[in-house]
Amino acid sequence: MKALMAVSLACLLNWPTGARAEQRASVSATSSLSQEHWNASRTLSLRTPAGWQVQSTSGEPEVTEARGDGLIVRILRREGELGLDSLHVECMLVRLAGAMETFPQVEYEYDFVGGEVGDRRAVDSAFTVQYDAAVEGHRDWRQRNLTVVGGGESVCVVAYAPVAVWKKSKPARRLLTSVVESVGFQKWH
């Protein structure tokens, strides 16, 4: 009989200073994540509030994108276990606009914080990106990249929030953190 093993990003170790308190505060936000969605290959799931738009496309990489409440989460998945640091750098370049439409410098909140998600290796970074033109009404966006490698796959979870919203809205921070932490890895064995 096959057993389903699910591992959630919520168990990421070595969070940046102060993030554990934010993680505890985000627990109440998870109750609003009533909708479950799957990536195209059905190896990852995530939860969102009702009303969020979620699309999954197969390919290399496979992309799942969730949008709602002015926030965006993209999950990029590749078959096989790629180099963690090199994949993380590549995924940090996954932006809301092309490179020529983005200010070349970013302001780091934290960078390359390592940890584990179950038996998978993980790296986490967060930074601010400034776009030449407004993207969905905002030029400055906070981008968080969580890269996870293991279990035969390589995954980047990229979360975007307008900086003004991120700084002023604790509920928006909790919601985005909760959606990211809801990502679960499914493996049949």
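None of the values given here were measured: they were computed from a predicted structure.

(A) Local environment of the pattern of salt bridges. In this structure the tally under the stated criterion is eleven salt bridges. Between Glu36 and Arg47 there is a salt bridge whose closest N-O contact spans 3.9 Å. With Glu36 in strand β2 (residues 35–38) and Arg47 in strand β3 (residues 44–48), this residue pair connects regions lying eleven residues apart in the sequence. Residue Glu36 is classed as partly exposed on the basis of its relative accessible area of 45%. Using a relative accessible area of 30% as the deciding quantity, one classes Arg47 as partly exposed. The salt bridge involving Arg67 is made with Glu65; its shortest N-O contact spans 2.5 Å. Of the residues examined, Arg67 reaches a relative accessible area of 27% and is grouped as partly exposed. Glu65 sits in the buried class, given a relative accessible area of 16%. Ionic contacts of the salt-bridge type, sharing partners, join the residues Glu62, Arg77, Glu79, Arg120 and Glu153 into one network.

About the criteria used
- Numbering of residues begins from 1 in every chain and follows the order in which that chain's sequence is written.
- Since the coordinates come from a predicted model, pLDDT governs what is reported: local features require at least 70, and pairs of side-chain atoms require 80 or more to be given and counted, while whole-chain, interface and lining totals use all residues.
- Water and hydrogen atoms were dropped before computing side-chain values, which therefore reflect all heavy atoms in the structure.
- The term salt bridge refers to a pairing of a side-chain nitrogen on Lys or Arg with a carboxyl oxygen on Asp or Glu at a separation within 4 Å.
- Here a strand is any run of E in DSSP of at least two residues, a helix any run of H or I of at least four, and the numbering for each starts at the N terminus.
- To sort residues, take the accessible area from a 1.4 Å probe on protein chains only and compare it with the maximum for the residue type: under 20% means buried, over 50% means exposed, and anything in between is partly exposed.

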